[in-house]
Amino acid sequence: MSFTQTLARLLTEGPASLFYHLILGLALEGLGLMALETARRAPGNRLARRLVLAAGLGLIGRLVLFGAAFAESQWLPAGTLLPPLERAVDLATWTWIGWAMIEEAPGLWLPALHTAVVLGIYGWIAPGWMSLSMQDPTFFYAATPSDRAWMLWTMGLALGIGGWLLSRSPSVFQGSGALGFFALALGALLQLHMPIAGTHLAPWARLGALTALPLWLTGAYRLALQTAQRVSGESGEAAEMWRVWSRGLLHALQAQGDPAPFHEALRAARMLLGARWTAVGLLQNDRLLIIAREGEGLPRAGTDLTLPLPEYPQIGEAILRRYPSFLTPEDQQGEAGQRLWQAFGMGTIGFLRIEPLVVQNQLLGAWLIGHPPENRHGLSRDPGVSRPMAELLAQTISLLQERERKATLEAALRSLQQEHEEQVQRLEARHAEERQMLQREINRWATRAAEAEEERERWRRRAEELAHLIEARASLPVGASASNPGAIPPSSPAPETAPESQREELILALLQELRTPLTALLGYTDLLLGEAVGILGATQRQFLLRMKANIERMVGLIRETLQIVALEAGTFQLEPGPLPLTEIRDQVLQQLQPVLQERGLRLTLEWPDDMPPVRMDRDAAQQVLYHLLNNAALCSQPGTAIGLQARLNPEVPGVLFLRVRDTGGGIPLEEVARVFIPRYRATTPLIPGVGDSIGLSIARALVEASGGRIWVESEPGIGSTFTVVLPLFDG
């Protein structure tokens, strides 16, 4: 057996094929881990990020091959599925690794398009090969035209990538990367000219892959080492710049009225990150308002720049996702991107880092960091500090906004407090003036009240004198000439009585005149109680209420006195007619309700619904019923019941009997004859068991003038019953 056949068997048969895929997978894993660590140390390193993506996709391809090998061993004949799939997966993997090593290569679209073409061709030829291999198991894939096409494709791709790497400026993958792809091309060339019979696989292509991966791992290790050395060499400068950054943020917090408080901090950040310019923007609805910016040839600060986020969707998406983003010049193509970089003094679009500013889940805005397009390696100068710097910047802006809100609230509070103090002063001045005016009014009305009290006392004495004269006159016999022929006729009064008659007329005239000032006093009292001229105190209101009660009592006394005189003189005009007493009863009970409630009295009513009308004047009937019930309320014991009864007696037709029963304790027998004679408390003690002698005298006069009769029946210790007989209306 020749050396080539032995090598082919070692790479294709039995466990050797499994070991090949395991070694290749481990190599891809090592390549990806070293690139990932490099990207972590230098987040701006584009080469490392691409290598991570390429190695990850290569590992996915290895997993697909493992799955296909398992499916073929379980359900399909050997060689029906795996040979063309391995060629396609390998070709796609080398494409992604080559794209990752070429820094000037375009975006993801190119390797993705190439992978789609490779998989499409595999899908086109795979069914034909599966059918052919199942029909003739002795036919091997390594000698087929499609295998030679895969090898030619792999050789052309490897030579193109290797030549491109050699033609570029020195880089970490210029030597090792190019040698690896040349090894792939050599393996494909040997597979074309020296195919091994009796196998479906490509041992020479596998040998080229095993040669290339260690070379690529060497380049990845060199990239990680350079990055570590660069970061270590710049750590002292980074620490100093970090101190300047922190000091600048502290200055921004302490600055008062500085138009560019973030200038020192942004300058330190630009130097630390190797950027051309940097800017801080606050989010306002769908706009990013630039509040501070710093760069080569830029003003120290500026709020004249606003970025509408709909015109910059990549920036808006990064802010809303609240995750750092990095945009290449290809990602920013367009008029909006050109305007953004021109605003910061750059004619060409470079690399843009976007750091969202978030504090306690509150989105404040974004920190923009611009790198020049010609310095691709400058992106790796970021030693992983941009994220904590952005967090510290966000906290500083949040504190500044909180301080501004606090200052605004304090200013508003001071303004409100000043307005409140001014308003309180105005109110105090106005209240002092109103108190002075009210005090003057109170003094004036107090003087008037004192004068009114003196006037009331003077007229009270005159009213008592007049009542005494009326009582004396009522005790004299009326119509003496009819019973005693020797008496002097009324038309020829005795000479000695003329002065007394004149005196009575004078008193009546005075009573009539007295009603006018009393009415005026009553009106003024109501005006004061209504607080139309000022607010009253509790004591002042009590005095005025007492004055009003006394004035109303005086007016009532004068009215009753004049009514008695008019009844006795026969000048009181009555208009008798059919009158339902039920209406009068309800009005009088409503009028006396306050007196009954004050003394805690109840009313026992015996009143048929079909009571016929009486022949009587309405006002006279109302006064009669009022005075009878008022007398019963005044003399009855508190908490007892007053009886009111109306009935017809069949034995006495044509009349109505009205009875009012009280609990006044009864009237002495010797006083019954004088119950209906007006008596006044000032001159004569009232009759026991009687509450309103003047009202009873008026009731008797009105009843008799209406053609009725009235009397009283009393039980000592129990009470009295007043009975009124009224004529019915005979229609």
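Computed from a prediction, not measured in an experiment: that's the story for all the values here.

Each helix and strand counted, the chain has 18 helices and 13 strands in total. Across the 731 residues that make up the chain, the buried fraction comes to 44%. For the chain, the accessible area works out to roughly 37900 Å², and carbon and sulfur atoms hold 58% of it.

The next thing to look at is the sheet that holds strand S6 (residues 362–371). Here six strands make up an open sheet; going across it, the order is S3-S2-S1-S6-S5-S4 and the pairing antiparallel. The sheet terminates laterally at strand S3 (306–308) and strand S4 (325–327), the two strands that pair on one side only. Within the sheet, the average angular offset between the axes of one strand and its neighbour, ignoring direction, is 25°. Pairing of S4 with strand S5 (residues 351–359) involves three bridges; the strand directions are antiparallel. Residue phenylalanine 326 lies in a different strand from S5, and its bridge partner there is arginine 353. Across the sheet, helix H11 (residues 335–343) lies against strand S1 (277–284), strand S2 (287–295), S3, S5 and S6, angled at about 80° from S5, the strand it touches most.

Moving on, we get to the packing of helix H5 (residues 109–135) against helix H6 (residues 145–167). Direction vectors running N to C along H5 and H6 enclose 170°, while the axes themselves pass 12 Å from each other. With respect to H6, the axis of H5 lies roughly antiparallel. Where H5 abuts H6, its residues His114, Val117, Val118, Ile121, Tyr122 and Ile125 lie against Ser146, Trp150, Trp153 and Leu157.

With that settled, consider the environment of proline 137. Along the chain, proline 137 turns up in the loop between H5 and H6. Since its relative accessible area comes to 62%, proline 137 is described here as exposed. Along the backbone, proline 137 and threonine 80 are 57 residues apart, and their C-alpha atoms lie at a distance of 9.0 Å.

Here the focus is the side chain of asparagine 631. Structurally, the position occupied by asparagine 631 is in helix H17 (residues 618–635). Excluding its chain neighbours within four sequence positions, the residues that come into contact with asparagine 631 are Asp662, Val690, Gly691, Asp692, Leu696 and Phe722.

Here the focus is the confidence of the model for the chain. On average, residues of the chain score 77 in pLDDT, and 78% of them reach the 70 mark or higher. Note on residues 377–381: pLDDT under 50 across the span, and 18 contacts to partners over four residues away in sequence or across chains.

Turning our eyes to something else, we now look at empty space enclosed by the protein. Applying the stated criterion across every chain, the model contains six cavities of 30 Å³ or more. The volume enclosed by the largest cavity comes to roughly 140 Å³. Taken together, the elements giving at least two residues each to the lining of the largest cavity come down to helix H4 (82–101), H6 and helix H8 (203–254). Per element, the largest residue contribution to the lining of the largest cavity is five residues, and it comes from H4. Taken together, the residues of the lining of the largest cavity sort by class into eight nonpolar, one polar and four charged. Reported here for the second largest cavity is a volume of approximately 50 Å³. What lines the second largest cavity is simply Leu581, Ile584, Ala621, Val624, Leu625, Leu658 and Leu726.

The rules behind these values
- Residues numbered from 1 in each chain as written.
- Predicted model: local features only at pLDDT ≥ 70, side-chain atom pairs only at ≥ 80, totals over all residues.
- Heavy atoms only, no water.
- Helix = DSSP H or I, 4+ residues; strand = E, 2+ residues; numbered from the N terminus.
- Buried < 20%, exposed > 50% of the residue type's maximum accessible area, 1.4 Å probe, protein only.
- Areas by Shrake-Rupley, 256 points an atom, 1.4 Å probe, with all protein chains shown as cover.
- Pairing = 2+ DSSP bridges.
- Axes fitted to C-alpha atoms, helices over the stretch in contact; angles between N-to-C directions.
- Contact = heavy atoms within 4.5 Å.
- Parallel < 35°, antiparallel > 145°, perpendicular 65-115°, else oblique.
- pLDDT = per-residue confidence, 0-100.
- 1 Å grid on protein atoms, 1.4 Å probe; cavity = no way out; pocket = protein on both sides within 12 Å on 5 of 7 lines; lining within 4 Å.
- Points joined across faces, edges and corners; volume = space filled by probe spheres on them.
- Nonpolar A, V, L, I, M, F, W, Y, C, P; charged D, E, K, R; others polar.

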